[in-house]
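# Chain and residue survey
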Amino acid sequence: MEENIFFSGGSIVSVLTTEPIDKLLDYLVPSEGVYVGTFVEVELGKRVVEGLVWGARTSFLDHRKLKSLRILNSKFSIDPNTKRFLTRMAEYNLTSLNSIFKLTGWKNFLKNEQKTSYSYQLNNHLNGSSALKISPKGKKVIELVSSLDRPPEFKTLKQISEFFGVSISVVKGLEKKGFVKRVAVKNQNKELPQTLNYRTNLNVEQQMASDQIEQTVAGNHFSVTLLRGVTGSGKTEVFLSVASKFISEARQVLILVPEIGLSSGLVSRIFKILGITPVEWNSGVSNSKKREIFHSLISGDGRVQIIVGARSALFLPFKNLGLIIIDEEHDTSFKQQDGVRFNARDMAVLRGHCENLHIILSSATPSLETILNCKTGKYKRVDLKKRFREGSKVVTEVIDMKNEDIDRDKSLSPQLINLINCNLKRGEQVLLFLNRRGYAPLVVCKNCGDQLGCKFCDSKLVEHRYLSRRVCHQCGYEFPIDDSCASCGETDQFNLLGAGVERLMEECIETFPGKAIKIVSSDLTDSKAALEEGILQIEKGEIDIIIGTQIITKGHNFPFLSLVGIVDGDLGLYGADLRGAEKTFQIIQQVSGRVGRFGKQGVVAIQTWRPENDIIRSILKGDDEGFWEQELVNREEANVPPYSKFIGIILEGHNKASLFASGQNISREFKSLTKFGLKIFGPALAPISKIKNRIRVRLLIQCPKGLLNVNNFRATLQNAKIPKSQKMIIDVDPQNFL
């Protein structure tokens, strides 16, 4: 590893801050000297801000006009490889280094503040007199704690309230009754590293896959391997087998997951297979716990051997990182949709390249970008073609809705109802998948024709009957359900169009009386504990019919499930999303993979109005490779990603005319590059043209890969002279165009 450069006292160095000034600033080095990459504090005008020593001076100002920096944390410094990673990440995402430094979040954990740490202990029983005085919601918390094998650690009362989906006042009431107890945590930093205890038996195909990957990752060099396995083939066991080799050599492992909801199940499996409880890093972890993890990493004390984390875990300061695993690598949740819009999967590969790390991308339905990188030899590919339990046969049936006699306000065809009844008679579970939250996506007044919309966004309100609210899924605005129309004043005239999971639940209660039915949806699963409790109920066979959105499609194993009904197999095929076919294929395959996992034969029934569609035909034939090949041909003919580069530019403001004028300026500035193959589309109102009372105008650049670099791109935008009153968002490799 390269060594950091040392600057002696009196030298002048450049410092990178998190301030939005888009440049390095020069400061004097104190007498003790400083290394490049050290965390420091500097004066900026009348304020004091944090920064990193970045390198040699960048200006020719007289040293007498410069202020001195102050070292904040001498134990932390970034090495040249990490510096290279941050620089290249800024270049790839066409943004400033300052924005990337802010994104890392390092400054939140690097100030030398030593505070007493506290945690909250929970009891699952109380004496009789105390229990009588507890509110119904308080009793719900106690019941949930009793159902958990090991209640998690809590650092704050707010964390408890969010976990159990109750208010702070309920938690404080439980604290007064002695159910919640605050205790000081002692000797946290004296915890010894855990001992690896690898304990699983791979089948022949899994062992061959593990051996292939181990050959690739032998040595200190960069590599990327796609582990592509059909659902239920045991990909997790394979990549944990590889991870065990790194841990046995005292090299750290990072596993990125697209959603927090997948962390708990993976943590349990890691402990079961490796005998190590991994560290979690996501928005559900308290800041004090994160600070402890962060300082353990920079100290190199060996306690953190494996981390399961969300996007932000990518920036953690590992001392001896050797392997990054991206689970469900195709998932679009890896793409951040605010601030710097980076893709954590792609940036993990970039970090691997800068630091000579090994990368494993795991998926049953890889992204087309990854498939193409394997075809061109950039990535290696290892396949698991069989399910772990070979006897589990899955049959796929297509239900042509044009041939079904079904009422207009119903979602389940007679054929699917028959399959469900047969399944329930055998005492087996059914999963009905509909990726549409709420009761109805459109509320229309029959008297005046007005469609209820958000007053802050150009978006329709979705009726959530179980929450008794109408909700905007863009900005979160909501209000209680009201039977009177705001436009014409008439009452009881609303017509609810379309079906969400709540309406489907209503239909199932009516069609299958007496059956235990449960919705698994992000808006109804109001806490992590409630989600875990629901999943546990399903795993135990206590639920007959599961109704789920996308949250149910990944990382879950349901031993009693033998029928999956995809209620709307066409959802996602309509519209202008270039990835519409790919996403639809992935989600149908993922939800279909929930059946047949425990040696039990399964059926997947897909309701569709377009049974002749290429996606449906590929799924019926089990021809994943054929689908990917044809989709790549279609993309290449259209010269769209992954064969070219897309860059989205979104302008937000309050004056439509001014936004369009700015958009025209941007378009005009980029026209000089059209001779090199660049195309620019727009400006045009975004499909969702207003969010949070801000008008949105979009442009889209399509160009050959490598044509635009951060310097010429930002210089071109600067020439367009965008007013400060407008917000400009740059989205490299956009995943949606709304």
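Heads up: these notes are all about the structure in this document. Note that the structure is a prediction, hence the values are computed from the model and not measured. (Residues numbered from 1 in each chain as written. Predicted model: local features only at pLDDT ≥ 70, side-chain atom pairs only at ≥ 80, totals over all residues. Heavy atoms only, no water.)

Moving on, we get to empty space enclosed by the protein. Summed over the entire model, instances satisfying the criterion amount to two cavities of 30 Å³ or more. For the largest cavity, the calculated volume is near 110 Å³. Residue lining of the largest cavity: 14 residues in total, with H330, T332, R345, S367 and Q735 positioned closest to the centre. Here the element with the most residues in the lining of the largest cavity is helix α16 (residues 580-592); it accounts for three residues. Empty space within the second largest cavity amounts to approximately 30 Å³. Every residue along the wall of the second largest cavity is listed here: E259, G261, L262, L531, I551 and H556. Residues of the lining of the second largest cavity, tallied by class, amount to three nonpolar, two polar and one charged. (1 Å grid on protein atoms, 1.4 Å probe; cavity = no way out; pocket = protein on both sides within 12 Å on 5 of 7 lines; lining within 4 Å. Points joined across faces, edges and corners; volume = space filled by probe spheres on them. Helix = DSSP H or I, 4+ residues; strand = E, 2+ residues; numbered from the N terminus. Nonpolar A, V, L, I, M, F, W, Y, C, P; charged D, E, K, R; others polar.)

Glancing now at the side chain of T236. For T236, the position within the fold is in helix α8 (residues 235-248). The class of T236 is buried, set by a relative accessible area of 10%. Discounting chain neighbours no more than four positions away, the residues touching T236 are L266 and R269. (Buried < 20%, exposed > 50% of the residue type's maximum accessible area, 1.4 Å probe, protein only. Contact = heavy atoms within 4.5 Å.)

Another aspect to go through is the packing of α16 against helix α18 (residues 624-638). Any two packed helices are characterised by the angle at which their axes cross and by the distance between the axes. Close contact between α16 and α18 brings their axes to 11 Å; oriented N to C, the two are set at 165°. When the interaxial angle is binned, α16 and α18 end up roughly antiparallel. Considering how the two elements wind past one another, α16 and α18 form a crossing that is left-handed. From α16, A581, E582, F585 and Q589 reach across to α18, where they touch D624, F627, W628, E631 and R635. Looking at side-chain class alone, the contact of α16 with α18 contains four nonpolar, one polar and four charged residues. (Axes fitted to C-alpha atoms, helices over the stretch in contact; angles between N-to-C directions. Parallel < 35°, antiparallel > 145°, perpendicular 65-115°, else oblique. Left-handed = near helix turned anticlockwise from the far one by under 90°.)

Before going further, it helps to examine the packing of aromatic side chains. When we look at a pair of aromatic rings, we describe it by the centre distance and by the angle of the planes. The full count for this structure, using the stated rule, is 13 aromatic pairs. Here the aromatic rings of F585 and F627 are separated by 4.1 Å at their centres, their planes lie at 15°, and the arrangement is stacked. With F585 in helix α16 and F627 in helix α18, this pair connects stretches of sequence that are 42 residues apart. Taken individually, F585 and F627 each receive the classification buried, so the pair is uniform in this respect. Taken together through their ring pairs, the aromatic side chains of F76, F101, W106, F109, W281 and F294 make up a single cluster. Over the ring of F271 we find R199; its NZ or CZ atom is 5.5 Å from the centre of that ring. One residue, R465, lies across the ring of Y439, its end atom 4.0 Å from the ring centre. (Phe/Tyr/Trp six-rings, centres within 6.5 Å; stacked < 30°, edge-to-face > 60°. Lys NZ or Arg CZ within 6 Å of the ring centre and 35° of its normal.)

Moving on, we get to helix α5 (residues 157-164). Burial within α5 is extensive, with six of its eight residues counted as buried. Among all positions in α5, only L157, Q159, I160, S161, F163 and F164 are buried. A positive backbone phi angle near 70° is found at G165, which sits one or two residues after α5.

With that settled, the discussion passes to the nonpolar core. By size, the foremost hydrophobic cluster in this structure holds 79 residues, and its most contacted members are F76, W106, F294 and I307. In terms of residues, this core owes the most to one element, helix α11 (residues 344-355), which gives six residues. In contact with I307, not counting residues within four places along its chain, are V253, L254, I255, V279, W281, I293, L297, L316 and F318. If you look at the next biggest cluster of nonpolar residues, it comprises 28 residues, including F239, I273, I360 and V382. (Core = buried A, V, L, I, M, F, W, Y, C linked by side-chain atoms within 4.5 Å.)

Every buried residue of helix α14 (residues 501-511) is listed here: V501, E502, R503, L504, M505, E507 and C508. On its buried face, α14 is in contact with β18 (429-433), β20 (462-464), β23 (494-497), β24 (517-520) and β25 (545-548).

This part takes up the layout of surface pockets. Of the volumes computed, that of the second largest pocket is approximately 1,100 Å³. Around the second largest pocket, the lining comprises 38 residues; the ones closest to its centre are Y92, K378, K645, K705 and D733. At the level of secondary structure, the elements contributing two or more residues to the lining of the second largest pocket comprise α1 (80-92), β10 (223-229), α11, α12 (368-375) and β28 (645-653). Counting residues per element, the lining of the second largest pocket draws most heavily on α11, which supplies six residues. By residue class, the composition of the lining of the second largest pocket is 19 nonpolar, nine polar and 10 charged.

We now examine the pattern of salt bridges. Per the counting criterion, the structure on display carries 35 salt bridges. R70 serves as the salt-bridge partner of E41, at 2.6 Å between the closest nitrogen and oxygen. Residue E41 is located in strand β5 (residues 38-44), and its partner R70 is located in strand β7 (residues 70-77); the two are separated by 29 residues in the primary sequence. The salt bridge involving D624 is made with R228; its shortest N-O contact spans 2.5 Å. Pair noted here: D624 is in helix α18 and R228 is in strand β10, with a separation of 396 residues, a long-range link. Where salt bridges share partners, they join K289, E292, D301 and R303 into one cluster. (Salt bridge = Lys/Arg side-chain N within 4 Å of Asp/Glu carboxyl O.)

So, about the sheet that holds strand β29 (residues 679-691). The strands that make up a sheet pair up through hydrogen bonds in the backbone, lying either parallel or antiparallel. Across the sheet, which stays open at both edges, the four strands sit in the order β29-β30-β28-β31 with antiparallel pairing between neighbours. Across the chains shown, the open sheet's two edge strands, defined by having one partner strand only, are β29 and β31 (727-732). Each adjacent strand pair in this sheet contributes to an overall mean axis angle of 20°, direction not counted. By the bridge criterion, seven bridges tie β29 to strand β30 (residues 694-703) in an arrangement that is antiparallel. Considered in β30, the bridge of I680 is made with I701. (Pairing = 2+ DSSP bridges.)

One way to put it is that α1 packs onto helix α2 (residues 97-104) with a least axis distance of 9 Å and a crossing angle of 120°. As α1 packs across α2, the resulting crossing turns out to be right-handed. Seen from α1, the contacting residues are L86, T87, M89 and A90; seen from α2, they are L97, I100, L103 and T104. Among the residues making up the contact of α1 with α2, the classes are represented as six nonpolar, two polar and no charged.

Cis geometry is found at the peptide bond from P641 to P642, where omega equals 15°. Relative to the helices and strands, P642 is located in the loop between α18 and β28. Here the amide bond leading from G682 into P683 is cis, since omega sits at 15°, within 30 degrees of zero. Structurally, P683 can be placed in strand β29. Of note in the backbone geometry, E328 takes a positive phi value of approximately 55° without being a glycine. Along the chain, the position of E328 falls in the loop between β14 (321-327) and α11. The backbone of N693 shows a phi angle near 65°, a positive value even though the residue is not glycine. Looking at the secondary structure, you find N693 in the loop between β29 and β30.

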